[in-house]
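This is what each chain is made of:
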Amino acid sequence: MKDRLITAGIDIGSTTSKAALWIDDHLGAYIIGPSTTNPRETARECYEKVLQDSGIRADEVAYIFGTGYGRAKVSFADENISELSAHGKGAKTLLPSACTIIDIGGQDTKVVLLDAGGRMLEYVMNDKCAAGTGRFLEFIARSLGIEVKGLARLHANGNYQPVRLSSMCSVFIESEVINLVNDEVPLTPIVQGLHQSVAIRVAALVKRLGLVEDVVVTGGVAKNAGVVDALERKLGVRLKTFADGIDPQIIGAVGAAVIAREKYLKQNG
Ligand code: ADP
């Protein structure tokens, strides 16, 4: 088809790599795959896969932005942009009422505060401490012998009575959790406690900026309904969600693709 403007966003994260195609005013296609020790190749494979899946040729894509931890390795991108800007843009585009964007990824958590027009006012980031990230939840889930995707189901499997985990560090939290299991504490309050400990960390970051609604969570951990529930309880607000079919894990890639569109239009009238 002629006259449609297609742009791409490639988000090379610490844990997963994502590619999104933005066609005029909508999400055309996306993919999510694991990050590897060769981000350059992963970025290319991700891009080729999303093109293949959507039946779009590389020469139909007008502009490409890389983002994420490995953004400098997206060698075929025209430009790159920070994850903060990409998540802000992606969230605001898909949920215009959003002002506070909480991105919980594999290895860090970021909170971005936007004004009503989408301009970034402030941000805070926790990339020093593993506890509270997706990798941390994976690590604890593994020691419980369950899949990270199963945490949400366990969380919802009873009243909200989280065990209070007192350790600060992920390794000590793991020992605490194993001790609780050995003491025959049921898994549901343990998992709720785990999610509460994530929520406490995230809420402390949000507090540094001040809570401005609407609030939305992005990143892979946003798919854990248990973390979302614990966060809503801790923040005392309802978190907004994206429309059906929009995966919160691809918001950075979408944002990069939308920024690519804006840049292309600016340069080409
Ligand atoms: P990054 O951009 O840092 O690579 P992502 O935003 O892609 O991170 O998030 C990756 C994390 O999301 C992983 O640690 C993974 O455990 C978590 N995750 C992905 N899907 C789910 C799911 N369905 N339920 C719970 N956690 C999930």
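For the structure itself, consult the block above.
Presented here is an overview of the structure given in this document.

## Quick notes on the overall build of the protein
For the protein, the helix and strand inventory stands at eight helices and nine strands. Taking 269 residues into account, the globule formula puts the C-alpha radius of gyration at 18 Å, and the protein, at 19 Å, falls close to it. Taken over the C-alpha atoms alone, the protein extends approximately 65 × 35 × 30 Å along its principal axes. Within the protein, counting contacts between residues at least 6 apart in sequence, those at least 24 apart form 66% of the total. Total accessible area on the protein is roughly 12800 Å²; 49% of this is exposed by carbon and sulfur atoms. Here the protein holds 30 positive side-chain charges and 31 negative ones, and the gap between their average locations is 3 Å.

## Examining the sheet that holds strand β3 (residues 26–34)
Taking strand neighbours across the sheet as the criterion, the five strands line up as β3-β2-β1-β4-β5 in an open arrangement whose pairing is mixed. The open sheet has two edge strands, β3 and β5 (79–80), and neither has a second partner. Across eight bridges, strand β2 (residues 16–23) lies against β3 in antiparallel orientation. Following the sheet pairing, Lys 18 is matched in β3 by Ile 32. Along the sheet, helix α1 (residues 39–54) contacts β1 (6–12), β2, β3 and β4 (61–67); its crossing angle with β2, the most-contacted strand, is approximately 40°.

## Topic: helix α7 (residues 225–235)
Those residues of α7 not exposed but buried are Gly 226, Val 227, Ala 230, Leu 231, Glu 232 and Leu 235. The inward-facing, buried residues of α7 contact β6 (100–104), α3 (134–144), α4 (151–155), α6 (187–209) and β9 (215–218). You can read the cap of α7 off the contacts: a side-chain oxygen lies 2.8 Å from the backbone nitrogen of Gly 226, and it is on Asn 224. Positive phi appears at Gly 236, one or two residues downstream of α7, with a value of about 75°.

## Side note on the pattern of salt bridges
What the rule picks out here adds up to 16 salt bridges. Residues Lys 18 and Asp 11 are paired through a salt bridge, measuring 4.0 Å at the closest nitrogen-oxygen approach. Each member of the pair, Lys 18 as well as Asp 11, is classed as buried. The partner of Lys 263 in a salt bridge is Glu 79, and the shortest N-O contact between them spans 2.6 Å. Highlighted residues: Lys 263 in helix α8 (residues 251–268) and Glu 79 in strand β5, separated in sequence by 184 residues. By relative accessible area, Glu 79 is classed as partly exposed at 25%. Connected via shared salt-bridge partners are Arg 71, Glu 83, Asp 103, Asp 108 and Lys 110.

## Some thoughts on α6
For α6, which comprises 23 residues, the first-to-last C-alpha distance of 34 Å matches the rise-based estimate of 33 Å (1.5 Å per residue) to within 8%. Here α6 lies mainly inside the structure; 18 of its 23 residues are buried. Looking one or two places after α6, you find Gly 210, whose phi comes out positive at around 90°.

## Here's the deal with the layout of surface pockets
Its volume calculated, the largest pocket comes out at about 760 Å³. Around the largest pocket, the lining comprises 29 residues; the ones closest to its centre are Thr 16, Gly 106, Gly 220, Val 221 and Gln 249. Only β2, α2 (83–94) and α3 provide two or more residues apiece to the lining of the largest pocket. For the lining of the largest pocket, the element with the highest residue contribution is α3, accounting for three residues. Across the lining of the largest pocket, the residue classes break down as five nonpolar, 14 polar and 10 charged. Considering only enclosed or pocket space, the second largest pocket measures out at about 220 Å³ in volume. Contributing to the lining of the second largest pocket are 15 residues, with Ala 222, Val 228, Thr 241, Phe 242 and Pro 248 lying nearest its centre.

Rules and cut-offs
- Residues numbered from 1 in each chain as written.
- Predicted model: local features only at pLDDT ≥ 70, side-chain atom pairs only at ≥ 80, totals over all residues.
- Heavy atoms only, no water.
- Helix = DSSP H or I, 4+ residues; strand = E, 2+ residues; numbered from the N terminus.
- Rg over C-alpha atoms; globule rule 2.2 N^0.38 Å.
- Contact = heavy atoms within 4.5 Å.
- Areas by Shrake-Rupley, 256 points an atom, 1.4 Å probe, with all protein chains shown as cover.
- Lys, Arg positive; Asp, Glu negative; His and termini not counted.
- Charge placed at Lys NZ, Arg CZ, Asp CG, Glu CD.
- Pairing = 2+ DSSP bridges.
- Axes fitted to C-alpha atoms, helices over the stretch in contact; angles between N-to-C directions.
- Buried < 20%, exposed > 50% of the residue type's maximum accessible area, 1.4 Å probe, protein only.
- Polar contact = N/O pair within 3.5 Å; in protein donor to acceptor, adjacent residues only side chain to side chain.
- Salt bridge = Lys/Arg side-chain N within 4 Å of Asp/Glu carboxyl O.
- Expected span 1.5 Å × (residues − 1).
- 1 Å grid on protein atoms, 1.4 Å probe; cavity = no way out; pocket = protein on both sides within 12 Å on 5 of 7 lines; lining within 4 Å.
- Points joined across faces, edges and corners; volume = space filled by probe spheres on them.
- Nonpolar A, V, L, I, M, F, W, Y, C, P; charged D, E, K, R; others polar.

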